[in-house]
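# Structure assessment
One-letter residues, chain by chain:
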Amino acid sequence: MSSDLIDLGSTALAGLLEEYRAGRIFDASLERAAMQRHAAALTQRWNSRFPGFPDHYFRFTSLRGLHHRGKRDAYLRDIIVQQMSRDVGQERTIVNPACVFGRHARDLARRLREHRLIAIDIDPGWNRLYSILRPGRTPGNYRFVQGDIFDLRLDVQPVAVVFFGACGALSDAAMDLAIRSEAPRLMGRTCCHENIAGNTLVTRRRGAVNRFFRFKNRVLRWMRARPRFGGFYFSSQYAEDRYPRSDAAKRLTTSQELIAAGRDSTDSDVCRAIIDLDRFLYLCEAGFDVWYQGELFVAERRG
Ligand SMILES: C[S@@+](CC[C@H](N)C(=O)[O-])C[C@H]1O[C@@H](n2cnc3c(N)ncnc32)[C@H](O)[C@@H]1O
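Residues numbered from 1 in each chain as written. Predicted model: local features only at pLDDT ≥ 70, side-chain atom pairs only at ≥ 80, totals over all residues. Heavy atoms only, no water.

## Considering the pairing of strand S1 (residues 93-97)
To be explicit about the condition: Residue exposure (1.4 Å probe, protein chains only): buried if accessible area is under 20% of the type maximum, exposed if over 50%, otherwise partly exposed. Numbered from the N terminus, helices here are DSSP runs of H or I no shorter than four residues, and strands are runs of E no shorter than two. Two strands are counted as paired when DSSP detects at least two bridges linking them. Look down the strands so they point away from you; if the path from the first strand over the helix to the second goes clockwise, the crossover is right-handed.
Here S1 lies mainly inside the structure; five of its five residues are buried. Alternating positions in S1 separate into two faces, Thr-93, Val-95 and Pro-97 on one and Ile-94 and Asn-96 on the other, with burial throughout. Bridging between S1 and strand S2 (residues 116-121) involves five bridges; their strand directions are parallel. Counted as the bridge partner of Val-95 is Ile-118 from S2. With respect to chirality, the unit in which S1 leads through helix H5 (residues 103-111) into the neighbouring parallel S2 is right-handed. Pairing of S1 with strand S4 (residues 160-167), which is carried by two bridges, proceeds in the parallel orientation. Paired with Ile-94 across the strands is Ala-160, a residue of S4.

Next comes the structure, spelled out in structure tokens:
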């Protein structure tokens with residue numbers, strides 16, 4: 001099974017790298033054609049297991065795509081509830097790193113009463129703000145913990161690690177947390193692919209999305225220059241030499257090319273998929289069966 005999955009992921013990655021090297025990116029029709037040509041088997045695999053992917057909207061790298069990412073989060077939460085409702089184990093702790101307001105974790109806590117939800121963020125302000133603005137909306141089986149995902153020691157063994165838009169290396173750290181803590185499942189949405197490997201440079205192009213991401217990264221550079229934001233978004237554990245993450249991708253590309261794809265990823269679904277397929281292969285190599293579509297991952301530990 002795993003070698004078939006690794007072949008499936010490697011073939012898709014090789015195809016998308018070819019499109020990238022040929023410059024067949026950024027243009028919506030070229031991007032859609034490239035994804036259909038090279039990622040169709042992965043999409044079919046996802047759709048046969050998790051029907052209802054909200055894909056009739058638009059490119060993820062459009063303003064509307066950004067605006068509607070909440071629809072993918074709601075769909076992902078439904079999948080998590082479906083998967084975890086079947087849980088029979090004693091230990092029933094789900095961990096949600098980079099939880100921001102803790103909105104998603106609170107919703108899961110309401111719908112999975114038998115489970116404990118631990119929401120983690122390096123900045124406790126967002127969760128506190130949510131509790132103030134939405135009093136009485138925090139279920140008893142929800143707990144917020146201030147913590148740095150790059151330096152996290154859990155006193156529980158989670159049954160799942162979940163995340164909803166963990167920027168750049170935060171997604172990789174969440175995946176490593178699932179691997180390290182032997183969690184049977186990992187389910188999440190990646191985002192801000194330009195922030196892998198400590199990168200905050202964005203290829204300058206016209207358009208509101210590109211302007212937004214250039215502004216966001218100016219803010220991240222400002223934060224990174226201040227010691228009080230140490231640990232926010234970036235870690236030397238996820239520097240250039242840690243990418244590609246998987247052995248399979250190391251046979252197809254280099255860290256320079258992956259980071260270049262990261263810089264172009266604010267305007268290219270193909271570039272985001274290139275970075276995510278390396279992660280797909282990394283999880284397969286770590287012993288998971290993986291489903292992937294549109295920045296969403298569902299991974300189940302084999303056996
Ligand atoms: C802003 S959110 C990302 C939202 C996302 N862009 C989306 O598409 O929904 C990222 C969260 O990660 C948190 N964060 C940053 N560095 C972290 C770290 N080292 N450990 C845990 N949380 C971290 C931030 O405080 C923030 O709440």
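Structure's up, so let's keep going.
## What about the site of the ligand?
Definition in use: Working definition: residue near molecule or strand if any one of its non-hydrogen atoms lies within 4 Å of it. Think of a polar contact as two N or O atoms within 3.5 Å of one another; within protein, one of them needs to be a possible hydrogen donor and the other a possible acceptor, and neighboring residues in sequence only count if both atoms come from side chains. Accessibility throughout is a Shrake-Rupley quantity obtained with a 1.4 Å probe, and a residue counts as covered only by protein chains that appear here. Residues are grouped as follows: Ala, Val, Leu, Ile, Met, Phe, Trp, Tyr, Cys and Pro are nonpolar; Asp, Glu, Lys and Arg are charged; all remaining types, including Gly, are polar.
Around the ligand sit 21 residues in total, of which Arg-69, Asp-121, Asp-148, Ile-149 and Gly-231 are the nearest. Here a nitrogen atom of the ligand sits 3.3 Å away from a polar atom, N or O, in the main chain of Ile-122. One of the backbone nitrogen or oxygen atoms of Gly-231 is found 2.7 Å away from a nitrogen atom of the ligand. Protein coverage of the free-state accessible area of the ligand, which is 600 Å², stands at 87%. With three residues, the single largest contributor to the shell around the ligand is S4. Broken down by class, the residue content of the shell around the ligand amounts to 13 nonpolar, three polar and five charged.

## A look at the sheet that holds S1
What counts is decided by this rule: For helices, the fitted axis covers only the stretch in contact; all axes are lines through C-alpha atoms, and the angles between them, taken along N-to-C directions, range from 0 to 180 degrees. Every residue pair with non-hydrogen atoms within 4.5 Å of one another is taken to be in contact.
As summarised here, the arrangement of the seven strands in space is S3-S2-S1-S4-S5-S7-S6, forming an open sheet in which the pairing is mixed. Because the sheet does not close on itself, it has two edges, and the strands there are strand S3 (142-146) and strand S6 (288-293). The sheet shows a mean angle of 15° between the axes of neighbouring strands, taken without regard to direction. In the packing of helix H2 (residues 28-49) onto the sheet, contacts are made with S6 and strand S7 (296-301), and the angle to S6 comes to roughly 100°. The strands touched by helix H7 (residues 169-180) within the sheet are S1, S4, strand S5 (185-191), S6 and S7, with S4 carrying the most contacts at an inclination of about 170°.

## Concerning the pattern of salt bridges
Quick note on the threshold: We define a salt bridge as a side-chain nitrogen of Lys or Arg found within 4 Å of a carboxyl oxygen belonging to Asp or Glu.
Following the criterion strictly, the structure yields 19 salt bridges and no others. By sharing partners, the salt bridges in this structure join Asp-172, Asp-176, Arg-245, Asp-276 and Arg-279 into a single network.

## Let's talk about the side chain of Asn-195
Note that Asn-195 resides in the loop between S5 and helix H8 (208-224). Overall, the relative accessible area of 1% leaves Asn-195 in the buried class. Excluding anything up to four places from it in sequence, Asn-195 contacts Gly-168, Ala-169, Thr-200, Lys-216, Asn-217, Leu-220 and Phe-234.

## Quick word on the environment of Gly-230
With respect to the helices and strands, Gly-230 occurs in the loop between H8 and helix H9 (247-250). When the C-alpha positions of Gly-230 and Asp-148 are compared, they lie 9.7 Å apart, and in sequence the two are 82 residues distant.

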